[in-house]
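Here is what each chain is made of, one letter per residue.
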Amino acid sequence: MKERKRFETRVIHEGYSSVGHSDSLAPPLYQTSTYTFQTAKQGERRFAGEEDGYIYSRLGNPTVSILEERMASLEGGEAALAFGSGMAAVSAVLFSLTKAGDHIVCSQGVYGCTFGLLELMEEKFGISHDFSPMDTEEEIRSKLTDRTTCIYVETPINPTMQLIDLELVSSIAKEKGIPVVVDNTFCSPYLQRPLEFGCDLVIHSATKYIGGHGDVIAGIVVGDQERMSTIRMTTQKDIGGIISPFDAWLLLRGLKTLAVRMDRHCESASKVAEQLKHHPLVETVIFPGQVEHPQHHIMTKQMKKPGGMISFTIKGGKEDAQRLMDELKMIKIAVSLGDAESLIQHPATMTHAVVPEEMRMKMGITDTLLRLSVGLEAYEDIWEDIENALNRIG
Ligand SMILES: *Cc1c(COP(=O)(O)O)cnc(C)c1O
């Protein structure tokens with residue numbers, strides 16, 4: 001068996017050797033749409049699967065393959081697939097696990113476009129869904145029907161930062177033979193590896209911490225060889241939401257610093273969360289690293305560190321929340337997360353504006369809730385910017 005290096009080493013080396021690549025230290029960018037066959041017979045053998053080799057870049061590309069091998073290793077899975085966006089990954093997985101009339105159980109609170117996709121699947125194909133807080137065994141069991149073919153979990157939940165016990169969910173799902181899909185975007189494999197807790201498939205919006213530099217839109221799915229091959233040959237090949245070789249190359253470059261970046265994101269977020277808690281204009285701080293967080297015990301069980309995302313509510317109304325954002329000088333108002341730059345957004349009017357108000361309130365996405373992605377700037381500068389803005393609106 002191949003010697004398995006530590007995580008911090010695998011983000012740099014896994015899946016690539018310069019041998020056979022003109023001794024290039026950096027993985028080469030194969031910016032090509034297709035591959036040439038030496039003979040007609042060779043083309044026939046490749047299409048028949050009798051000979052390994054690339055055919056056409058929608059079916060596979062050497063730069064993308066390095067990324068897929070690296071991501072599979074980091075999540076502890078057998079294989080991975082890269083996509084052109086996180087949503088291309090989510091949709092490929094959900095389409096592959098369901099057919100008309102099936103049912104999905106989903107965590108109470110998901111990424112806004114995942115919510116939109118579930119609605120669309122219901123409307124077009126009669127694939128229904130139920131949301132569940134997934135906080136007890138009875139609650140999870142009560143939502144499963146004999147048509148349930150997928151359990152879909154986000155933890156921490158965007159943007160309310162609630163956590164779901166992955167071991168609890170996967171133990172019930174195993175008993176029923178239902179695959180568990182986890183959107184691991186907020187953690188990256190450095191902080192949380194859902195497959196180790198018995199889950200079946202992991203999805204990333206690689207746009208966020210995996211890329212880490214705010215210059216790529218991409219998605220990743222990791223799982224067992226059989227499911228990954230099925231998705232590769234069906235929903236990925238025929239729907240076609242593939243990643244470009246250049247974006248795969250940028251992700252390989254970003255991944256090299258994943259461990260060091262995450263350490264800094266987590267360290268600064270812990271400090272900012274602590275400061276926010278003591279500011280008189282701040283009503284609540286929701287950060288899994290704080291002992292007051294209702295699922296702090298789940299954080300210590302399944303996450304290495306609490307992450308770089310903080311949600312908080314301020315006193316007042318929607319206008320006050322918007323004024324606070326406008327008063328920030330360095331922190332940018334933007335959706336997305338996991339970048340070097342600190343970013344703030346207002347979920348009720350931005351990422352979760354598509355969610356009907358009643359549902360939003362049930363999820364805890366109020367008009368004064370703000371979501372902060374703590375960047376890699378000096379912690380002091382991040383906090384000063386927020387403190388000054390708070391004081392100006394106060
Ligand atoms: C951003 C995001 C997505 C969607 O990813 P894209 O790369 O924007 O398509 C899915 N889930 C979560 C949790 C996200 O933050």
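An unreviewed UniProt entry lists the protein chain under the name L-methionine gamma-lyase, from Rossellomorea marisflavi. Listed under Cofactor (unreviewed entry) in UniProt, the entry text for the protein chain is "pyridoxal 5'-phosphate".

Undergrad: Looking at this structure, how should I read the sheet that holds strand β4 (residues 148-154)?
TA: Within a sheet, neighbouring strands are paired by backbone hydrogen bonds and run either parallel or antiparallel to one another. Taken in spatial order, the seven strands make up an open sheet running β1-β7-β6-β5-β4-β2-β3, and their pairing is mixed. If you trace the sheet from one side to the other, it starts and ends with β1 (79-83) and β3 (128-132), each paired once. On average, adjacent strands in this sheet sit at an angle of 20° to one another, irrespective of strand direction. When strand β6 (residues 201-205) meets strand β7 (residues 219-223), the two strands line up antiparallel, connected through four bridges. Paired with S205 across the strands is G219, a residue of β7.

Undergrad: So what exactly am I meant to see when it comes to the UniProt feature "modified residue: N6-(pyridoxal phosphate)lysine" (unreviewed entry) in the protein chain here?
TA: Sequence positions flagged by UniProt for "modified residue: N6-(pyridoxal phosphate)lysine" (unreviewed entry) are, in local numbering, K208. In this fold, K208 is placed in the loop between β6 and β7. You can call K208 buried: its relative accessible area is 9%. Sequence-distant contacts of K208, defined by excluding residues within four places in its chain, comprise Y111, T185, S336, L337 and G338.

Undergrad: Help me understand the sheet that holds strand β8 (residues 282-286) in this model?
TA: A sheet is described by the order of its strands in space; here five strands give the open sequence β8-β9-β12-β11-β10, paired in mixed fashion. At either margin of the open sheet sits one strand with a lone partner, and together these are β8 and β10 (332-333). Against the sheet, helix α11 (residues 258-277) touches β8, β9 (309-314) and β12 (369-373), its axis set at about 10° to β9.

What counts as what
Residues numbered from 1 in each chain as written. Predicted model: local features only at pLDDT ≥ 70, side-chain atom pairs only at ≥ 80, totals over all residues. Heavy atoms only, no water. UniProt positions renumbered as here; feature names shortened; annotations may be inferred. Pairing = 2+ DSSP bridges. Helix = DSSP H or I, 4+ residues; strand = E, 2+ residues; numbered from the N terminus. Axes fitted to C-alpha atoms, helices over the stretch in contact; angles between N-to-C directions. Buried < 20%, exposed > 50% of the residue type's maximum accessible area, 1.4 Å probe, protein only. Contact = heavy atoms within 4.5 Å.

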